[in-house]
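Architecture and fold: a report
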Amino acid sequence: MYTQFFGNFLLNRGILTAEELVHIMEKQASVHLKLGTLAIHEGLLTAQEVDNIVIKQTHKDKKFGEIAVEEGYLTQEEVDKLLSSQKPDYLLLGQILIENGKLTNADFENLISDYQSLNEIYDLDSYEEQKFLVDKLLNNLCEFEDEAFSRIAVDYLTLLFNNLVRFIGNDFTPLEPVPCNEGYPTNYCVAQHIAGKVSVQTAIDMDDSAAVAFASRYVGEKFPSFDEYAKASVEDFLNLHNGLFNVNMSNNYSTELILCPPEVHSGDILDFSTPTYTFPIIFPFGMIHFIIAF
């Protein structure tokens, strides 16, 4: 789940550019996580110890785990546990950077420590603990001045990122939100108003090629062009997401909201009378923007 935020963390640290991040994200599906990367993450090996084992591998025809046990760095039980443990997605991102020469194992060790300390990432067992972490990650990403706006925005974005993972894929990275006070120029944009005690203007915008890829992932079928079915799929995603948000607001806050029909905008300007933020999100297939106004 946390690959998305780790990518943003690396962008902010100047470790890589947005273009490099997209290239790495394209490679993730074909890369397998190495035992040394896992051991550093779990604190069982230091970067120097991993480097030592890798050097020994150049002289011995043995696996990393076999040498680690043979040299007394790890027990066989620890190796087995690492191989069977749940592996955080963001480790693959760091491993690819190491393999590409952008980071050393020592650099990666320090970055993991900083990232986990910043976001208080520990062993999370319960759903509530995981939700707390996502909220904290989002609050680190989005520094809102208005507390009420912040609370609702975090709820909305927590659900949004979960739905992107669920319906589109986890290979995305959110960039810093941008205040949008002078109108938003649209490409292909679907907007939808949530009315009631809490009034929320929402929109999703992308160019045609990104929309085709987005819609294809959503329905699990490749669209040959940006036709009416692809457009309807983008609309359906926003409508589904906002519908789930309304359900959550009812269940969690006893707040009943009304979902208005989606509206399509293309090549015009969206104007909002309330505080508005644009959330750029990078996928390998292109950039999408979520616009939220409260």
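Provided above is the structure to which this section pertains.
Note that the structure is a prediction, hence the values are computed from the model and not measured.

**Digging into the overall build of the chain**
Looking only at helices and strands, one finds 12 helices and 10 strands in the chain. A buried classification covers 48% of the 294 residues belonging to the chain. Within the chain, counting contacts between residues at least 6 apart in sequence, those at least 24 apart form 67% of the total. Carbon together with sulfur atoms contributes 49% to the accessible area of the chain, which is approximately 14,700 Å² in total.

**Looking at the packing of helix 3 (residues 35-42) against helix 7 (residues 90-99)**
It is the contact of helix 3 with helix 7, at a shortest axis distance of 10 Å, that shows an interaxial angle of 120°. Between helix 3 and helix 7, the angle is such that the two are oblique. Both helix 3 and helix 7 take part in a crossing whose hand is right-handed. From helix 3, T37, L38 and H41 reach across to helix 7, where they touch Y90, L91 and Q95.

**Brief notes about the pattern of salt bridges**
Oppositely charged side chains can form a pair if their charged atoms are brought close together. In total, this model carries seven salt bridges according to the counting rule given. Here K102 ties to E20 by a salt bridge, and the two come within 3.4 Å at their closest N and O atoms. Of this pair, K102 sits in the loop between helix 7 and helix 8 (105-119) while E20 is found in helix 2 (residues 18-27), placing the two residues 82 residues apart along the sequence. A residue is classified by how much of its surface remains accessible, and K102, at 37% relative accessible area, is partly exposed. Of the charged contacts in the structure, one is a salt bridge between K62 and E70, with a shortest N-O distance of 2.4 Å. Relative accessible area serves as the criterion here: at 36%, K62 is assigned to the partly exposed category.

**Considerations on the pairing of strand 10 (residues 286-293)**
As paired elements, strand 5 (residues 200-206) and strand 10 share six bridges and run antiparallel to each other. The partner of Q201 across the bridge, within strand 10, is A293. As paired strands, strand 9 (residues 276-283) and strand 10 are joined by eight bridges and run antiparallel to one another. Its bridge partner being in strand 10, Y277 is matched across the sheet by I292. Hairpin connection from strand 9 to strand 10: two residues lie between these consecutive antiparallel strands.

**Some words on helix 4 (residues 47-57)**
Within helix 4, burial applies to A47, V50 and I53. Down the axis of helix 4, the sector holding all buried residues measures 125°, keeping them to one side.

**Topic: the side chain of T37**
By the element assignment, T37 lies in helix 3. A polar atom in the side chain of T37 sits 3.0 Å from the side chain of Q95.

**Side note on the environment of A153**
With respect to the secondary-structure elements, A153 resides in helix 10 (residues 147-167). Looking at A153, the relative accessible area reads 1%, which means it is buried. For A153 and V200, which are 47 residues apart along the polypeptide, the C-alpha to C-alpha distance reads 9.6 Å.

**Things to note about the environment of V219**
Along the polypeptide, V219 turns up in helix 11 (residues 208-219). Separated by 10 residues in the primary sequence, V219 and Y229 have C-alpha atoms spaced 10.0 Å apart.

**Side note on the nonpolar core**
Among soluble globular proteins, nonpolar side chains are generally buried collectively. The biggest cluster of nonpolar side chains holds 77 residues, and the ones touching the most others in it are L10, L164, I204, F214, V234, F237 and F290. A total of eight residues in this core trace back to one element, the largest contributor, which is helix 10. Ignoring sequence-local partners within four residues, the contact set of L10 consists of I15, L16, L93, L97 and L111. Residues Y184, A191, L270 and I291 belong to the second largest nonpolar core, which totals seven residues.

Conventions and cut-offs
- Residues numbered from 1 in each chain as written.
- Predicted model: local features only at pLDDT ≥ 70, side-chain atom pairs only at ≥ 80, totals over all residues.
- Heavy atoms only, no water.
- Helix = DSSP H or I, 4+ residues; strand = E, 2+ residues; numbered from the N terminus.
- Buried < 20%, exposed > 50% of the residue type's maximum accessible area, 1.4 Å probe, protein only.
- Contact = heavy atoms within 4.5 Å.
- Areas by Shrake-Rupley, 256 points an atom, 1.4 Å probe, with all protein chains shown as cover.
- Axes fitted to C-alpha atoms, helices over the stretch in contact; angles between N-to-C directions.
- Parallel < 35°, antiparallel > 145°, perpendicular 65-115°, else oblique.
- Left-handed = near helix turned anticlockwise from the far one by under 90°.
- Salt bridge = Lys/Arg side-chain N within 4 Å of Asp/Glu carboxyl O.
- Pairing = 2+ DSSP bridges.
- Arc of directions from axis to C-beta.
- Polar contact = N/O pair within 3.5 Å; in protein donor to acceptor, adjacent residues only side chain to side chain.
- Core = buried A, V, L, I, M, F, W, Y, C linked by side-chain atoms within 4.5 Å.

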